[in-house]
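Residue-level structural notes
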Amino acid sequence: MDAPHSIGDVARVTGLPIATLRAWETRYRVVEPHRHDSGIRRYDDEQVARLRRMRDLVEAGIPPRKAAQLLDTTSGTIPPSGLLDHEALLRSPRDPQTLEALIDQQFAQGKVETVIDQWLMPSLRRVGEAWSAGDLDVATEHLISAAVMHRLAAFYAAARASGPRVAVGLPAKARHELPALALALCLRRLDVNVIYLGADVPAQSWQVVAHRYRPAAAVVGVATVADVDSGQQAVRACHAAGLRHVFVGGRAAAGVDEAITLPGTLSDAAAAIAATVAKA
């Protein structure tokens with residue numbers, strides 16, 4: 001059957017009340033369900049995916065009318081990586097509203113994890129490269145980072161998790177926080193109960209977290225070579241507190257010993273962590 005899903009099926013897989021599904025259909029034309037002769041609604045896979053994207057946008061704080069408009073300005077699919085516009089953040093006019101609108105439009109194109117892996121992380125690397133080369137001033141880099149942080153934080157706050165606890169953060173003096181927050185978001189969406197510590201967490205504080213919250217694992221972000229020493233100290237502090245599973249991620253993670261180095265993409269990293277703590 002081309003449209004195998006009933007409205008009850010869709011409500012279960014999306015977590016949306018049936019009343020909301022009907023309202024989004026009639027008010028915003030998010031989807032047009034197929035109908036049997038009896039008038040019963042049936043949904044195909046593409047419509048279910050579209051409703052999931054709508055749900056994610058609304059849960060991240062975007063008003064339903066605007067979220068529906070964003071869906072209508074995108075194809076609903078992510079093109080191959082080589083076709084993605086990783087320069088968009090650099091070209092965008094330098095005001096917060098325009099940047100936020102660009103980010104919202106990108107997240108309307110597919111699953112949160114896919115957009116993070118295929119668009120956001122490569123785009124942020126381009127922003128970092130432009131700043132390092134002197135082509136982007138500090139204030140503009142901070143403006144872009146703040147807009148991304150705002151959207152990721154909204155998605156993170158909207159996610160709910162009740163699974164095993166995992167502490168995620170950066171070691172002392174490390175401040176490249178966006179990848180860590182994006183990973184924390186991916187973990188929450190896998191029902192991992194994240195204890196998000198943010199940037200610049202001293203080694204002794206990792207021990208405090210391990211003793212106080214008893215997480216099943218810890219993830220230390222090591223974005224640059226300058227973070228390797230403090231990352232190593234954080235890892236050792238976690239082990240000293242009795243944590244068996246300590247992961248490191250980031251571009252300089254290979255420089256840290258005594259920890260599990262995470263796979264390249266954030267969604268793969270989150271899946272590996274979730275699988276490990278599920279067995280703990």
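Residues numbered from 1 in each chain as written. Predicted model: local features only at pLDDT ≥ 70, side-chain atom pairs only at ≥ 80, totals over all residues. Heavy atoms only, no water.

1. Here we look at the overall build of the protein
Each helix and strand counted, the protein has 12 helices and eight strands in total. Per-residue burial for the protein yields a buried fraction of 50% across its 280 residues. In the protein, once contacts between residues fewer than 6 apart in sequence are set aside, the share between residues at least 24 apart is 71%. Here the protein displays about 13,600 Å² of accessible surface, and carbon together with sulfur accounts for 51% of that area. (Helix = DSSP H or I, 4+ residues; strand = E, 2+ residues; numbered from the N terminus. Buried < 20%, exposed > 50% of the residue type's maximum accessible area, 1.4 Å probe, protein only. Contact = heavy atoms within 4.5 Å. Areas by Shrake-Rupley, 256 points an atom, 1.4 Å probe, with all protein chains shown as cover.)

2. Things to note about the sheet that holds strand β8 (residues 260–261)
Read across the sheet, five strands follow the order β5-β4-β6-β7-β8 without closing on themselves; strand pairing throughout is parallel. Where the open sheet ends on each side, the last strands, each with one partner, are β5 (193–201) and β8. Here strand β4 (residues 165–171) pairs with β5 via six bridges, running parallel. What sits directly across from Val168, in β5, is Tyr196. This element, helix α9 (residues 178–188), spans β4, β5 and β6 (217–221) of the sheet and lies at about 175° to β5. In the packing of helix α10 (residues 203–213) onto the sheet, contacts are made with β4, β5 and β6, and the angle to β4 comes to roughly 170°. (Pairing = 2+ DSSP bridges. Axes fitted to C-alpha atoms, helices over the stretch in contact; angles between N-to-C directions.)

3. Looking at the packing of helix α3 (residues 45–59) against helix α4 (residues 64–72)
The geometry of α3 relative to α4 is characterised by a closest axis approach of 9 Å and an angle of 135° between their N-to-C directions. Our classification of the angle between α3 and α4 gives oblique. Remark: the crossing between α3 and α4 carries right-handed chirality. Across the interface between the two elements, Arg50, Arg53, Met54, Leu57 and Val58 from α3 touch Pro64, Ala67, Ala68, Leu70, Leu71 and Asp72 from α4. Considered class by class, the residues forming the contact of α3 with α4 number eight nonpolar, no polar and three charged. (Parallel < 35°, antiparallel > 145°, perpendicular 65-115°, else oblique. Left-handed = near helix turned anticlockwise from the far one by under 90°. Nonpolar A, V, L, I, M, F, W, Y, C, P; charged D, E, K, R; others polar.)

4. Looking at the environment of Thr224
Turning to its location among the elements, Thr224 is positioned in the loop between β6 and α11 (228–240). Apart from residues lying up to four places away in sequence, Thr224 is in contact with His176 and Ala252.

5. Structural notes on the pattern of salt bridges
Counting across every chain of the model gives 13 salt bridges. As a salt-bridge pair, Glu25 and Arg41 come within 2.7 Å of each other at their nearest N and O atoms. Remark: Arg41 occurs in strand β3 (residues 41–43) and Glu25 occurs in helix α2 (residues 18–28); sequence separation between them is 16 residues. Comparing Glu25 with Arg41, the two get one shared label, buried. Overlapping salt bridges, with partners in common, bring together Arg55, Asp56, Glu113 and Arg189 in one network. (Salt bridge = Lys/Arg side-chain N within 4 Å of Asp/Glu carboxyl O.)

6. Things to note about the side chain of Arg188
By the secondary structure assignment, Arg188 is in helix α9. Asp191 provides the closest opposite charge to the buried, salt-bridge-free Arg188, at an N-O distance of 8.9 Å. In terms of polar contacts, Arg188 uses its side chain to reach the backbone carbonyl oxygen of Tyr156, at 2.7 Å. (Lys, Arg positive; Asp, Glu negative; His and termini not counted. Polar contact = N/O pair within 3.5 Å; in protein donor to acceptor, adjacent residues only side chain to side chain.)

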